[in-house]
Every structure is written in structure tokens, then in C-alpha cells.
Amino acid sequence: QVQLVESGGGLVQPGGSLRLSCAVSGAIFSAYSMAWYRQSPGKQRDLIAGITGGGTTNYADSVKGRFTISRDNAKNTVYLQMNALKPEDTAVYYCNAWRTLPPTYWGQGTQVTVSS
């Protein structure tokens with residue numbers, strides 16, 4: 001019954017911004033740490049940002065200073081604000097929910113394309 005649904009992806013020019021959202025249902029949202037991953041064709045799925053239930057964040061070096069992860073526990077939603085987007089940010093972005101014990105849950109992904 002746990003479901004993660006991403007939204008907010010699309011086509012944006014280099015230097016532009018997008019905000020991704022991930023809505024979680026079927027779980028006690030505040031009990032989970034949340035993360036955003038991304039994957040391009042032929043490449044591995046990489047962790048780009050994470051946030052604990054208490055609000056502690058971490059970022060991959062490739063997005064540090066440009067992306068911000070946040071969560072609204074009242075809305076069961078995690079966000080990824082993406083600024084100063086680069087063509088190399090083009091990927092499918094996936095929402096992830098995890099705790100100290102399995103399982104981990106994944107959304108279906110949302111496409112972000114950065115191109116002029």
C-alpha cells in the first residue's frame with residue numbers, strides 16, 4: 001500500500017529552475033527518511049539528496065549549492081528545488097523512502113530535461 005508519486009519534471013533551459021514533488025501515501029511519513037536519486041540511460045542510479053525525519057540533509061557534490069531537499073510532514077511530501085540547472089542534470093529523478101530496516105520504497109520517476 002505504500003506509494004510514492006513524483007511530479008514536477010519537464011523541459012527547462014540551462015540556468016533555469018524546477019521543483020520536484022514526491023507525495024507519499026500508505027505509510028507513516030514522519031518515520032521515514034527520504035531521498036532523491038537520478039539516473040540517465042546507461043548510467044547507474046545515483047543518490048543526489050537525502051533528508052531525515054528530523055530535517056538533517058545531505059547532498060551529492062554534483063548538486064551541492066544548487067539543489068535543496070525539504071519535506072512537509074503535514075502534507076506527506078518531499079521536495080527537490082533545483083536551481084541553476086545544467087544539461088548534465090538531465091535524468092529521470094526518483095523519490096525514495098527508507099528506514100533502518102527494509103523495505104525501501106521507490107516512485108516511478110519523473111523526467112527532467114535541461115536543454116536549450
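In this convention, every chain numbers its residues from 1, walking through the sequence in written order. In keeping with the predicted nature of the model, local features appear solely for residues at pLDDT of at least 70, side-chain atom pairs appear and are counted solely at 80 or more, and the whole-chain, interface and lining totals rest on all residues. Hydrogen atoms and water are omitted, and side-chain values are computed over all heavy atoms in the structure.

K.L.:
Lay out the overall build of the chain in plain terms, naming residues and giving numbers.
P.N.:
Starting at the N terminus, helices and strands are each numbered in turn, a helix being any DSSP run of H or I of at least four residues and a strand any DSSP run of E of at least two. For the chain, the helix and strand inventory stands at zero helices and 11 strands. Put simply, the chain runs from its N terminus to its C terminus through helices and strands in the order β-β-β-β-β-β-β-β-β-β-β. Two things to know: the radius of gyration comes from C-alpha atoms, and the globule rule equals 2.2 Å times the number of residues to the power 0.38. In terms of C-alpha radius of gyration, the chain reaches 13 Å, essentially the compact-globule figure of 13 Å for 116 residues. Dimensions of the chain along its principal axes, counting C-alpha atoms only, are 40 × 25 × 25 Å. Out of the 116 residues belonging to the chain, those deemed buried represent 40%. By definition in these notes, contact holds between two residues if any of their heavy atoms fall within 4.5 Å. Intrachain contacts of the chain at a sequence separation of at least 6 include 53% that bridge at least 24 residues. Here, Shrake-Rupley sampling with a 1.4 Å probe gives the accessible areas, and only protein chains in the shown set may cover a residue. Looking at the chain as shown, the accessible area adds up to about 6,200 Å², and 49% of this sits on carbon and sulfur atoms. By the counting scheme adopted, Arg and Lys are positive, Glu and Asp are negative, and His together with the chain ends is not counted. Every charge is mapped to an atom, namely NZ of Lys, CZ of Arg, CG of Asp or CD of Glu. Taking the average place of the 10 positive charges on the side chains of the chain and the average place of its 6 negative ones, the gap between the two points comes to 4 Å. Each residue gets one of three labels from its accessible area relative to the maximum for its type: buried under 20%, exposed over 50%, partly exposed in between, using a 1.4 Å probe on protein chains only.

K.L.:
With reference to specific residues and values, describe the state of the cysteines.
P.N.:
Disulfide: a pair of cysteine sulfur atoms within 2.5 Å of each other. In the structure shown here, the tally under the stated rule is one disulfide. Disulfide pairing is shown between cysteine 22 and cysteine 95; the S-S distance is 2.1 Å. Between cysteine 22 and cysteine 95, the S-S torsion sits near -90°, and that sign places the bridge as left-handed. With cysteine 22 in strand β3 (residues 18-25) and cysteine 95 in strand β9 (residues 91-98), this pair connects stretches of sequence that are 73 residues apart.

K.L.:
Please provide a residue-by-residue account of the sheet that holds strand β8 (residues 77-82), values included.
P.N.:
Strand order in the open sheet made by the four strands is β1-β3-β8-β7, with antiparallel pairing throughout. Pairing within the sheet leaves two strands with one partner each, and these edge strands are β1 (3-7) and β7 (67-72). Across the sheet, the mean angle separating the axes of adjacent strands is 15° when strand polarity is ignored. The criterion for strand pairing is that DSSP finds at least two bridges linking the strands in question. Angular values range over 0 to 180 degrees, each being the angle between N-to-C directions of two axes fitted as lines to C-alpha atoms, with helices fitted over their stretch in contact.

K.L.:
How would you summarise unusual backbone geometry if you had to cite specific residues and measurements?
P.N.:
Of the consecutive residues proline 102 and proline 103, the connecting peptide bond is found in the cis state with omega at 5°. As for its position among the elements, proline 103 is in the loop between β9 and β10 (105-106). Unusually for a residue other than glycine, asparagine 76 sits at a positive phi of about 55°. Checked against the element boundaries, asparagine 76 lands in the loop between β7 and β8.

K.L.:
I'd like to hear about the pairing of strand β11 (residues 110-114), residue by residue, with values.
P.N.:
What you see with β11 is a clean split: Thr110, Val112 and Val114 sit on the buried side and Gln111 and Thr113 on the side with no burial. When strand β2 (residues 10-12) meets β11, the two strands line up parallel, connected through three bridges. Residue pairing across strands places valine 12 opposite valine 114, the latter belonging to β11. Relative to β11, β9 runs antiparallel, the two being bridged by three bridges.

K.L.:
Kindly report on the side chain of arginine 38, identifying the contributing residues and their values.
P.N.:
Relative to the helices and strands, arginine 38 resides in strand β4 (residues 33-39). Look at arginine 38 and you get buried, because its relative accessible area is 12%. Polar contacts, as counted here, are pairs of nitrogen or oxygen atoms within 3.5 Å of one another; within protein the pair requires one atom able to donate a hydrogen and one able to accept it, and residues that are adjacent in sequence qualify only if both atoms are side-chain atoms. A polar contact of 3.5 Å, which involves the side chain of arginine 38, links it to the side chain of serine 62. A distance of 2.9 Å separates polar atoms of two side chains, one belonging to arginine 38 and the other to aspartate 89. Other than its neighbours up to four places away in sequence, arginine 38 contacts Gln44, Arg45, Asp46, Ile48, Ser62, Val63, Phe67, Glu88, Asp89, Ala91, Val92 and Tyr93.

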